[in-house]
Amino acid sequence: MTSSGPWVGNWRPHKPRGPIAALYGSPGPKYGLPGLTGISKHDPTKFKAPMFSFGVRHHQSNSDCSPGPKYLIPSNITRQGLDGTPAFSLHSRIREQRQFQVPGPGQYIPEHSEKMIYRSAPAFTLSGRIKDFKQSQTPGPAAYNLPPVLGPKTVTTAAAPTPSLYGRSKIGGFDEDLKKTPGPAAYRVVDPYVYMQKAPQFSMTGRNFAPGETTKKPGPGEYRPELVTSTRFKAPSFTFGLRHSQYMAPLIVDVPE
């Protein structure tokens, strides 16, 4: 391949035969280097500038809130304190102090002081039963049971053999009544279809009627065609009137004047 470009020393630029990585805009290995900003993962070979951080607001500022100007300041309060106007208040009357009552000679009982001055025999008093006695009931001596020393279930002593006598059995004895044995009818007969081949079985169902009207219809004997006069001539027919009573007055319409 020939090129007409200028020479650069003893090398003439020409078209590359393959792709060159330097000709493309890839980030390259710059992401693998430590950063120069921030405090974490800073490049140790570079100078780090001083950094300042804003502190977190303390929780005390939220809990210790001043009341502010929402309270009403009295009118006699100035920026220098009270205005100096005399003020008076009314209080209740003070109770008079009672005189100290000193006990007289009759309040003392010197005869009860013998036990404090002289020696006396021990004296005991019987007090009433306390209320908590019902709740704390300790078991008495009769509530405890000693282990048995007789019988097969002894704990501290060796138990001797203890045979027991049972009642006479009614089955297999000499007085057994063999007539009370169950007969053949007392046993349940096993269905032969359990252990033999079962024959086919059929069942008869009820008669099925087609769905329809269930009202009663008249039969042929209910009709009388001889009484039909709408399609043929009808013979003259006469009827007999009712028999009138001879005691009934006739109906008079026209009365002569």
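Residues numbered from 1 in each chain as written. Predicted model: local features only at pLDDT ≥ 70, side-chain atom pairs only at ≥ 80, totals over all residues. Heavy atoms only, no water.

K.L.:
Could you clarify how one ought to interpret the overall build of the chain in this entry?
P.N.:
Scanning the chain for helices and strands turns up two helices and two strands. Starting at the N terminus and walking to the C terminus, you meet the elements of the chain as α-β-β-α. Considering only intrachain contacts with a sequence separation of at least 6, the fraction spanning at least 24 residues in the chain is 0%. Accessible area of the chain: about 29,700 Å², with a carbon and sulfur share of 59%. (Helix = DSSP H or I, 4+ residues; strand = E, 2+ residues; numbered from the N terminus. Contact = heavy atoms within 4.5 Å. Areas by Shrake-Rupley, 256 points an atom, 1.4 Å probe, with all protein chains shown as cover.)

K.L.:
Looking at this structure, how should I read the pattern of salt bridges?
P.N.:
Side-chain pairs of opposite charge can arise whenever the charged atoms involved come near each other. Per the counting criterion, the structure on display carries one salt bridge. Taking the shortest distance from any N to any O, the salt bridge between Arg-224 and Glu-226 comes out at 3.5 Å. When its relative accessible area of 56% is taken as the criterion, Glu-226 is described as exposed. (Salt bridge = Lys/Arg side-chain N within 4 Å of Asp/Glu carboxyl O. Buried < 20%, exposed > 50% of the residue type's maximum accessible area, 1.4 Å probe, protein only.)

K.L.:
Can you walk me through a nonpolar patch on the surface in this structure?
P.N.:
A surface patch of nonpolar side chains, amounting to about 460 Å² of accessible area, comprises Val-190, Val-194, Tyr-195 and Met-196. With respect to the helices, strands and loops of the structure, Val-190 is situated in the segment after α2 (114-117). (Patch = residues over 30% accessible without salt bridge, like charges linked within 9 Å, V, L, I, M, F, W, Y side chains within 5 Å.)

K.L.:
Would you take a moment to explain unusual backbone geometry for this structure?
P.N.:
The phi torsion of most residues other than glycine is negative, and most of the peptide bonds are trans. Positioned with a positive phi, Lys-41 is a non-glycine residue whose angle comes to about 55°. A relative accessible area of 75% means that Lys-41 is categorised as exposed.

K.L.:
What exactly am I supposed to notice about the side chain of Asp-43 here?
P.N.:
When you line up the elements, Asp-43 lands in the segment before α1 (60-63). Despite being buried, Asp-43 has no salt bridge partner; Lys-46 is the closest side chain of opposite charge, sitting 5.3 Å away. Polar side-chain contacts of Asp-43 include one of 2.9 Å to the side chain of Thr-45. (Lys, Arg positive; Asp, Glu negative; His and termini not counted. Polar contact = N/O pair within 3.5 Å; in protein donor to acceptor, adjacent residues only side chain to side chain.)

K.L.:
Would you explain the side chain of Thr-154 in this entry?
P.N.:
Along the chain, Thr-154 turns up in the segment after α2. By relative accessible area, which is 17% here, Thr-154 ends up buried. At 2.7 Å, the side chain of Thr-154 and the backbone oxygen of Thr-157 are in polar contact. Excluding its chain neighbours within four sequence positions, the residues that come into contact with Thr-154 are Pro-148, Val-149 and Ala-159.

K.L.:
Looking at this structure, how should I read the confidence of the model for the chain?
P.N.:
Low pLDDT marks regions whose predicted coordinates should not be analysed in detail. A residue-level look at the chain finds 84% of positions with pLDDT of 70 or above and a mean pLDDT of 77. Within the chain, no element has a lower average pLDDT than α1, which sits at 55, and none a higher one than strand β1 (residues 77-78), at 84. (pLDDT = per-residue confidence, 0-100.)

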